[in-house]
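Residues per chain are reported as follows:
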Amino acid sequence: MQTAKSDKGNLLSFLKKLKNSVLQNAVIQFFVPKSTETKRQKWVRRYWTVFLASIIGFVVYFKAVEYNFLYLFGEMPSIESLERPKIPAASELYTADGVLLGRYFKENRTPVTYEQLSPHLIEALIATEDIRFHEHSGIDLKALVAVAASIAGGDPRGGSTLTQQLVKNLFNMRGKSSRGLLGGVPILGALIIKTKEWITAINLEKHFTKEEIMTMYLNTVEFGNNAFGIYTASKTFFNTVPQKLNRQQAAVLVGVLKAPTYYNPFRNYNNAFRRRNTVLFQMQRYGYLTLSQYDSISKMPIKAKLTVENAEEGAGTYFKSVMNTYLEEWCKQNGYDLYADGFKIYTTIDSRMQKLAEEAVAEEIAGLQKVFDDHWRGLVPWTNKKGEVLPNYIEDAAKSTSWYKALEKKYAKKPDSIQVYLNKPKRMKVFSWKGEVDTLFSPLDSIRYYKKFLHAGLMTLDPYSGNIKAWVGGINYKYFKYDHVMQSKRQPGSTFKPIMYAAAIDSMGYSPCSRITDSPVYIRYKENGEDKSWSPHNADWVFTHSNMTLRHAMGRSINSVAAKLTELIGWTTVAHYARRMGITSKLNEVPSITLGSSEVSLYEMVGAYGTFLNEGVWIEPRFITRVEDKNAKIIHRFIPKRRAALKPESAFLMTYMLQGSLQEPMGTSGFLYGYPKLFGGNEIGGKTGTSTNNADGWYFGVTKDLVTGVWVGGDDRSIHFRNGNVGEGGRTALPIYGVFMEKVYDHPELGITKGAFPKPSIKITKPYFCPTKPMPKPDSTNINLDSLQLLQDVEGLR
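Residues numbered from 1 in each chain as written. Predicted model: local features only at pLDDT ≥ 70, side-chain atom pairs only at ≥ 80, totals over all residues. Heavy atoms only, no water.

S.K.: Explain the sheet that holds strand β16 (residues 634-637) to me, please; I cannot follow it from the model alone.
M.R.: Within the open sheet, the five strands sit side by side as β2-β1-β5-β15-β16. Their pairing is mixed. At either margin of the open sheet sits one strand with a lone partner, and together these are β2 (100-104) and β16. When the angles between neighbouring strand axes are averaged without regard to direction, this sheet yields 20°. Note that strand β1 (residues 91-94) and β2 share four bridges and pair antiparallel. Residue pairing in the sheet places Y94 in a bridge with L100 of β2. Seen against the sheet, helix α15 (residues 317-334) touches β1, β2, β5 (344-347), β15 (624-628) and β16 and runs at an angle of roughly 45° to β2. (Pairing = 2+ DSSP bridges. Helix = DSSP H or I, 4+ residues; strand = E, 2+ residues; numbered from the N terminus. Axes fitted to C-alpha atoms, helices over the stretch in contact; angles between N-to-C directions. Contact = heavy atoms within 4.5 Å.)

Here is the structure:
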């Protein structure tokens, strides 16, 4: 008790030393004995008792909210989240030469720095939203008093500072984890939320400068039209960058913030016009504009132009689609969010080469489509091997669609209604090689129309690094989204033969000069315990009975020699080498594997051919080199898988074998000579391929720098040419390769030059130089026209 009196005496002595302090008098009055205080002193004591109690109560309340006392108030943002607030940002996909391919986002947002903001934008924002922004510490007390007065007067208005608005953008104060036990109490719950915003705003001001807060605010706000943040808004509304916004553009964007839909210049022009002028008035009111500037700018029309990103347009659309799936899975495995983490993803694609590849495919397929249409004029191209039209083909195709399944569910008890819908014409835009066509089609008409189109895929690889330089997955992503590089798997025909020849040379001692007779072959084998036989014919149905070298046989794509060699080394050996060379698709280990009877992807095959140039080392084709975070820190480098698939000598010999399709008499790559820019001091190898019924046309071309694969075919194997004169790979896929490579050589800035294949780094022990003598030309006086045409077909491509 004595100690308490002593402490009280010391406190009174301290306060008496203070001069001219209202608090001094109040506290002294508080401690004056009640028996001696005057009436006035009694009133003052009560007043200050209430005041101090209120202050203490507010402090206790704020601290209780801040620390979530007894879980009554819900969680507050952590110190870490305050110091490093996470602003969702779009991830960006770039080519190897730095061109933006596409963006991944839930909220289309690209953060900017303070230096990238137009001063007009900053002035417009401060004048309109928070004129005392540089004076307060997160809460504007004057604004709060004004808000209270407006509420009392029946005309409530907002008083949140920019910092408070930023808190709302960054942190969810209304989420389940933020509610607490008292969060559901009416009025009290709203007060708690507002208190959290005040506390968080003050804390943000402690951790960041005013410039940083301003920047974060403009990076987080929504402007409508799927534009989040000032960078995307500037692009979307005015096709410019924030740094270049003029006064009236800045006023429009700041005005939109109050109600992005109501003040949207594209949807509600008049509202946006009035709101912009309100912002301009505020700028004039606070000295950011002169009266004459305000009068002039406020009369100007809003010249906004909607610029929205379209993922279905631009270069590399199929590549971007494949990347979507790959990157989503990679982020899921590594704990990242592709759509919010603001990554910069650098691919191997060269934008210039990609453009040339897309041009080559479009130019050649557009012309080939005319040939295909003439080929089937008056008929439909969906037929079986006997040439018979497939019954109900279009109807069955319709039944496989998602919208047909939805109709079945909707009209489960009314099947006739489905037929009415399928045959009811409606307005639609359809693809054509001359541009979009506005027409009247029923759903069945639409399927019938699109099934007649030819499709294509192209992939180009640097065989030494494994980097994919160009990827064309189809003819038009907007209308045909199926990717024919990695997603599609088709029979590769004779383009699979080099894998078999590589297996023979690498494992069994054969060489390009080894000889096998071109004669009928009959192979017995077992498949799933069942006895079977296989007797393939050559593409021209002719056996020459000549004892030819393996290089000549592969150059001419002689099926009988390939079949005999497959029987000698074993079809399981062929499958084994195919897997070593990167073929991951299921392979049927049967004799016909050599002629491409198993379905594979263009992606796998290009990688396999790359093994020949890379001294027998298979490198997994790579499409991404690295991923950087928003601060340009590399978070992952993508290193391709690699393994020794062939001996270096075997790889060199196979590169020489591939040149046989151009150098051997009647080689299947002969049509490449129709592209003269490819030659003149240049070595090229290649292989054609055509699947059964001319359903798939393939070509693989190799030079010292690049491996390129091309596929051409219909939507499915039922869509095909009727004969090889127009439908074989040398006439459908090879021309695309020829046009593409001519374009590449026309652009020296790509660094792709003509030249010889690399010399072997090891001694070649097997014989390989054994050129076949040209066949004598037939005497036209002793050959009928049908035989002459057959010979011309043989000299053409398979």
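S.K.: What should I look at first to understand the pairing of strand β7 (residues 437-441) in this one?
M.R.: Side-chain positions along a regular strand alternate between the two faces of the sheet. Where strand β6 (residues 426-430) meets β7, five bridges bridge the pair, whose relative direction is antiparallel. Considered in β7, the bridge of V430 is made with V437. Connecting the antiparallel pair β6 and β7 is a turn made up of six residues, with G435 showing a positive phi of about 115°.

S.K.: How should I be thinking about the packing of helix α16 (residues 351-375) against helix α30 (residues 734-745) in this particular structure?
M.R.: Geometry of a packed helix pair, given as the angle between the helix axes and the separation of the axes. For the pair α16 and α30, interaxial distance at closest approach is 9 Å and the crossing angle is 140°. In this structure, α16 crosses over α30, and the sense of that crossing is right-handed. Between α16 and α30, the residues in contact are M353, L356, A357, E359, A360, V361, E363, E364 and I365 and P735, I736, V739, F740, K743 and V744, respectively. (Left-handed = near helix turned anticlockwise from the far one by under 90°.)

S.K.: Could you clarify how one ought to interpret the pattern of salt bridges in this entry?
M.R.: Two side chains that carry opposite charge are able to pair once their charged atoms sit near each other. Counting across every chain of the model gives 27 salt bridges. R448 serves as the salt-bridge partner of D445, at 3.2 Å between the closest nitrogen and oxygen. With D445 and R448 both in helix α20 (residues 443-450) and three residues apart, the pair spans about one turn of that helix. Among the ionic pairs, K532 bridges to E527, the shortest N-O distance being 3.0 Å. (Salt bridge = Lys/Arg side-chain N within 4 Å of Asp/Glu carboxyl O.)

S.K.: Mind showing me how you'd approach the environment of R274 here?
M.R.: With respect to the helices and strands, R274 occurs in helix α13 (residues 269-285). In this structure R274 comes out as partly exposed when scored by relative accessible area, which is 49%. Counting along the chain gives eleven residues from R274 to Y263, while the straight-line C-alpha distance between them is 8.7 Å. (Buried < 20%, exposed > 50% of the residue type's maximum accessible area, 1.4 Å probe, protein only.)

S.K.: Would you take a moment to explain the pairing of strand β19 (residues 696-702) for this structure?
M.R.: For β19, the tally of buried residues reaches seven of seven residues, placing the bulk of the element in the interior. Of the two faces of β19, the one holding D696, W698, F700 and V702 and the one holding G697, Y699 and G701 are both buried throughout. Bridge count for strand β18 (residues 685-690) against β19 is six bridges, and the pairing is antiparallel. Across the sheet, residue G685 finds its bridge partner in β19, namely V702. Where β18 folds back onto β19 in an antiparallel hairpin, the turn is made up of five residues, including N693, whose phi is positive at roughly 70°. Bridge count for β19 against strand β20 (residues 707-713) is seven bridges, and the pairing is antiparallel. By the bridge assignment, Y699 is partnered in β20 with V710. Linking β19 back to β20 in an antiparallel pair, the connection comprises four residues.

S.K.: Explain α20 to me, please; I cannot follow it from the model alone.
M.R.: Each full turn of the α-helix corresponds to 3.6 residues, which orients residues three or four apart in the same direction. Inspection of α20 places P443, L444, S446, I447 and Y450 among the buried residues, and these make up the whole buried set. Viewed end-on, α20 has its buried residues packed into an arc of 160°, placing them on one side of the element. Taken together, the buried residues of α20 touch α17 (393-399), α18 (402-410), α19 (415-422), β6 and β7. (Arc of directions from axis to C-beta.)

S.K.: For this particular structure, what's the right way to read the side chain of E628?
M.R.: Mapped onto the elements, E628 comes out in strand β15. You can call E628 buried: its relative accessible area is 10%. A polar contact of 3.0 Å, which involves the side chain of E628, links it to the side chain of R626. Sequence-distant contacts of E628, that is, excluding residues within four places in its chain, are made with G342, F343, K344, Y346, K633, I634 and I635. (Polar contact = N/O pair within 3.5 Å; in protein donor to acceptor, adjacent residues only side chain to side chain.)

S.K.: Sorry, what's going on with the state of the cysteines here?
M.R.: Cysteine pairs can be covalently joined through their sulfur atoms, and such a bond is termed a disulfide. Under the counting rule described, the total for this entry stands at one disulfide. The disulfide bridge from C513 ends at C770, spanning 2.1 Å between sulfur atoms. Measuring the twist about the S-S bond at about -105°, one finds the C513-C770 disulfide to be left-handed. Here C513, found in the loop between α21 (497-508) and β10 (515-517), pairs with C770, found in the loop between α30 and α31 (785-795); they are 257 residues apart in sequence, far enough to count as distant. Given the relative accessible area of 17%, C513 is considered buried. Looking at C770, the relative accessible area reads 16%, which means it is buried. (Disulfide = S-S within 2.5 Å.)

S.K.: Teacher, can you tell me more about the packing of α21 against helix α26 (residues 648-658) here?
M.R.: The interhelical angle for the contact between α21 and α26, taken along N-to-C directions, is 140°, at an axis separation of 10 Å. In terms of their interaxial angle, α21 and α26 are classed as oblique. Note on packing geometry: the crossing formed by α21 with α26 is right-handed. Contact residues: α21 offers P498, Y501, A502, I505 and D506, while α26 offers S650, L653, M654, M657 and L658. Looking at side-chain class alone, the contact of α21 with α26 contains eight nonpolar, one polar and one charged residues. (Parallel < 35°, antiparallel > 145°, perpendicular 65-115°, else oblique. Nonpolar A, V, L, I, M, F, W, Y, C, P; charged D, E, K, R; others polar.)

S.K.: Explain the sheet that holds β18 to me, please; I cannot follow it from the model alone.
M.R.: The strands making up a sheet associate through hydrogen bonds between their backbones, and the pairing can be parallel or antiparallel. The antiparallel open sheet is built from five strands, whose spatial order is β9-β8-β20-β19-β18. Edge positions in the open sheet fall to β9 (468-472) and β18, since each of these has one partner strand only. With direction set aside, neighbouring strand axes in the sheet form an average angle of 5°.

S.K.: I keep staring at the environment of A575 and nothing clicks. Help me out?
M.R.: Assignment of secondary structure puts A575 in helix α24 (residues 571-580). When its relative accessible area of 0% is taken as the criterion, A575 is described as buried. When near neighbours in sequence (up to four residues on either side) are disregarded, A575 contacts L587, E589 and I593.

S.K.: What is the right way to look at unusual backbone geometry in this model?
M.R.: Glycine aside, a negative phi is what most residues show, and trans is what most peptide bonds show. Even without being a glycine, N226 presents a positive backbone phi close to 60°. Looking at where N226 falls in the secondary structure, it is placed in the loop between β3 (222-224) and β4 (227-228). Even without a glycine there, the phi angle at N693 is positive, about 70°. Considering the arrangement of structural elements, one finds N693 in the loop between β18 and β19.

S.K.: Would you take a moment to explain the confidence of the model for the protein chain for this structure?
M.R.: Any region with low pLDDT has predicted coordinates that should not be read closely. On average, residues of the protein chain score 87 in pLDDT, and 85% of them are at 70 or above. Low confidence marks residues 778-798, where pLDDT is under 50. Its contacts with residues over four positions away, or in another chain, come to 35 contacts. (pLDDT = per-residue confidence, 0-100.)

S.K.: Looking at this model, I keep getting lost on a nonpolar patch on the surface. Mind explaining?
M.R.: Residues W43, Y47, F51, L52, I55, I56, V59 and V60 make up a contiguous nonpolar surface patch of about 790 Å² in total accessible area. Within the secondary structure layout, L52 lies in helix α3 (residues 39-66). (Patch = residues over 30% accessible without salt bridge, like charges linked within 9 Å, V, L, I, M, F, W, Y side chains within 5 Å. Areas by Shrake-Rupley, 256 points an atom, 1.4 Å probe, with all protein chains shown as cover.)

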